Amino acid sequence: MAETLSNALVAARQAQADWNSVVLRRRLRAIARVASELAVDPDSLLALIERPNSSAAEKLASEVLPLADACRFTAQVGRRLLAPQTQSAWQAAWWMGRIGVELIREPWGVVLVLAPANYPLFIPGVQVIQALAAGNAVLVKPATGSAAIMHHFANCLQRSGIPADICQILDDSVEAGQQATQLGVDKVVLTGSVSTGQQVLGTLADAVTPATMELSGCDAVFVLPQSDLTRVAQSIAYALRLNGGCTCIAPRRVFVTPESE
């Protein structure tokens, strides 16, 4: 497995240099086409999404449509967000004089995406397209049991004109994720539990590898005095049932004033 992972990293590094040299508008056009590719054979796509607590309609609404919209949004705003920006001299520190400053966004290089099990397509899919838009290559470690849907997504990327080596799907085992964090990638993006985040950060600390992590949520519901308590109860019940409660925005606390009771 270690040799396979190393080969994937080497191939990604080689592909990233060519991909970053592609004109930004061409990269964004390819990303825009991914949305259309997701619509090809939707029944087969939904069948590959391993979410036993979700219906086909829920998978479509919470996985496929948001990812397609993220492709559209990234393509729409990417040129403005990633273009060089000249800062006004008046924004600089006065003691530095009138020094011209230009903000240029450079890709990290190879980004490792450690995907979660609760939204195995939508969350890593968005992280992949954002990294690709910025000129990075991506290695994706799918959640256990979710390799098939990520391979399907990688095929969508290729049919959209994105080179095969620029986004590579790794083995979905826990061991593969542990070894991947030791490869020497340039950035890690993780969506998972606090304990997983602590373990990954401990591995990355020695190499000072930067990471972006979303380690679950603890969202609250505030019930106002004028609230319709029947609708409040229905809304909370829906939120707790959504994806079997396996979602970071599910309510974990409810705040109710005496006037609301």
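The structure presented is a predicted model; accordingly, all values stated were derived computationally and were not measured.

**Student:** Help me out: how do you make sense of the pattern of salt bridges in this one?
**Tutor:** Think of it this way: side chains of opposite charge can pair up when their charged atoms draw near. Under the counting rule described, the total for this entry stands at 5 salt bridges. Arg159 is the partner of Glu37 in a salt bridge, and the nearest nitrogen-oxygen pair spans 2.8 Å. Taken as a pair, Glu37 in helix 2 (residues 24-38) and Arg159 in helix 6 (residues 147-159) lie far apart in primary sequence, 122 residues in all. Among the charged side chains, a salt-bridge network with shared partners connects Arg51, Glu58 and Glu63.

**Student:** Help me out: how do you make sense of unusual backbone geometry in this one?
**Tutor:** Peptide bonds are trans in most cases, and residues, glycine excluded, mostly fall at negative phi. Located in the positive-phi region is Asp41, a residue other than glycine, with phi close to 55°. Checked against the element boundaries, Asp41 lands in the loop between helix 2 and helix 3 (42-48).

**Student:** Can you help me understand helix 2 in this one?
**Tutor:** One turn of an α-helix holds 3.6 residues; hence residues three or four places apart share an orientation. Taking 1.5 Å as the rise per residue, helix 2 with 15 residues should run 21 Å; its terminal C-alpha atoms sit 22 Å apart, in good agreement. Those residues of helix 2 that sit buried are Leu24, Arg27, Leu28, Ala30, Ile31, Val34, Ala35, Glu37 and Leu38. Buried residues along helix 2 cover an arc of 170° about the axis, so they all sit on one side. Of the exposed residues in helix 2, the ones pointing more than 90 degrees away from its buried face are Arg26 and Ser36. The inward-facing, buried residues of helix 2 contact helix 1 (2-21), helix 3, helix 4 (56-82), helix 5 (122-133) and helix 6.

**Student:** Sorry, what's going on with the layout of surface pockets here?
**Tutor:** The method is simple in principle: a probe with the dimensions of a water molecule rolls over the atoms, and the space it marks as empty is what remains. Taken as a whole, the largest pocket encloses approximately 430 Å³ of empty space. What lines the largest pocket is a set of 18 residues, among which Leu114, Val174, Leu190, Thr196 and Val200 lie closest to the centre. Residue assignment for the lining of the largest pocket shows that the elements contributing at least two residues are helix 7 (174-180), strand 6 (187-191) and helix 8 (194-205). Sort the elements by how many residues they give to the lining of the largest pocket and helix 8 lands first, with 4 residues. In the lining of the largest pocket, the residues fall into 7 nonpolar, 10 polar and 1 charged.

Scoring rules and cut-offs
Residues numbered from 1 in each chain as written. Predicted model: local features only at pLDDT ≥ 70, side-chain atom pairs only at ≥ 80, totals over all residues. Heavy atoms only, no water. Salt bridge = Lys/Arg side-chain N within 4 Å of Asp/Glu carboxyl O. Helix = DSSP H or I, 4+ residues; strand = E, 2+ residues; numbered from the N terminus. Expected span 1.5 Å × (residues − 1). Buried < 20%, exposed > 50% of the residue type's maximum accessible area, 1.4 Å probe, protein only. Arc of directions from axis to C-beta. Contact = heavy atoms within 4.5 Å. 1 Å grid on protein atoms, 1.4 Å probe; cavity = no way out; pocket = protein on both sides within 12 Å on 5 of 7 lines; lining within 4 Å. Points joined across faces, edges and corners; volume = space filled by probe spheres on them. Nonpolar A, V, L, I, M, F, W, Y, C, P; charged D, E, K, R; others polar.

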